[in-house]
Amino acid sequence: MTTITLQGNPMETVGTLPEAGQQAPDFTLAGADLSDIKLADFAGQRLVLNIFPSVDTGTCASSVRQFNERVSGLSNTTVLNVSLDLPFAQARFCGAEGLDKVQNGSSFRSGFGEEYGVTIKNGPMTGLLSRAVVVIDEKGKVLHSEQVAELADEPNYDAALAVL
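Rules of the game
Residues numbered from 1 in each chain as written. Predicted model: local features only at pLDDT ≥ 70, side-chain atom pairs only at ≥ 80, totals over all residues. Heavy atoms only, no water. Helix = DSSP H or I, 4+ residues; strand = E, 2+ residues; numbered from the N terminus. Rg over C-alpha atoms; globule rule 2.2 N^0.38 Å. Buried < 20%, exposed > 50% of the residue type's maximum accessible area, 1.4 Å probe, protein only. Contact = heavy atoms within 4.5 Å. Areas by Shrake-Rupley, 256 points an atom, 1.4 Å probe, with all protein chains shown as cover. pLDDT = per-residue confidence, 0-100. Polar contact = N/O pair within 3.5 Å; in protein donor to acceptor, adjacent residues only side chain to side chain.

Enquirer: Before we move on, can you summarise the overall build of the chain with the specific residues and values?
Expert: Summing up its helical and strand segments, the chain has four helices and nine strands in all. Beginning at the N terminus, the succession of helices and strands in the chain can be written as β-β-β-β-β-α-β-α-β-α-β-β-α. A globule of 164 residues ought to have a C-alpha radius of gyration of about 15 Å, and the chain, at 14 Å, matches this closely. A principal-axis box enclosing the C-alpha atoms of the chain has dimensions of 40 × 35 × 30 Å. When the 164 residues of the chain are sorted by exposure, 50% land in the buried category. Counting only contacts in the chain whose residues sit at least 6 apart along the sequence, the fraction spanning at least 24 positions is 66%. In the structure as shown, the chain presents an accessible area of about 7200 Å², 49% of it carried by carbon and sulfur atoms.

Enquirer: Residue-level account of the confidence of the model for the chain, with values.
Expert: Of the residues in the chain, 97% reach a pLDDT of 70 or more, and the chain-wide mean stands at 91. Mean pLDDT across the secondary structure elements of the chain bottoms out at helix H1 (residues 58–71), with 76, and peaks at strand E9 (residues 142–147), with 98.

Enquirer: If you had to explain the environment of alanine 132 to someone new, which residues and values would you point to?
Expert: Along the polypeptide, alanine 132 turns up in strand E8 (residues 132–136). Alanine 132 sits 16 residues away from tyrosine 116 along the chain, and the two C-alpha atoms are 9.7 Å apart. Dropping the residues within four chain positions of it, alanine 132 is found in contact with Leu17, Leu49, Asn50, Ile51, Val118, Glu146, Gln147 and Val148.

Enquirer: Run through the side chain of aspartate 137, naming residues and quoting values.
Expert: Within the element layout of this structure, aspartate 137 appears in the loop between E8 and E9. Engagement of the side chain of aspartate 137 in a polar contact is seen with the backbone nitrogen of lysine 139, the distance being 2.9 Å. Among residues more than four places away in sequence, those in contact with aspartate 137 are Gln45, Arg46 and Leu143.

Structure follows, in structure tokens:
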């Protein structure tokens, strides 16, 4: 369990993020066409998991824009935005914003939040995913993880990208 806040009000997650040096837990997410997206699909690539509550909030939208811009010049690196938003909403947002350097994965039908320890278990955001970043190397090992302490804050982009 990890304690996070929303505007200073404490909430807890169901667990903790995988730490640097650990093997990343497998996952299955729903892609834009509702097909499965799995960790194994990114074997041989570096992967940045940009995890957040909903693309329809300002901070979440900003993180998608920031990672789209900052990672676009890196080779062999994919950003996967993960939220409970339906794949259609994720695609609509990225299309409207012209964000084509990131991929989206919806956890609406999977246990991703529990597997990665990011499901919020109490408070007004119960059931949504917390804001977190996990960077995974080509062999599935976690290089960096950050559970953002205040849900309204953006992640530390520089720290996440420094390991790449």
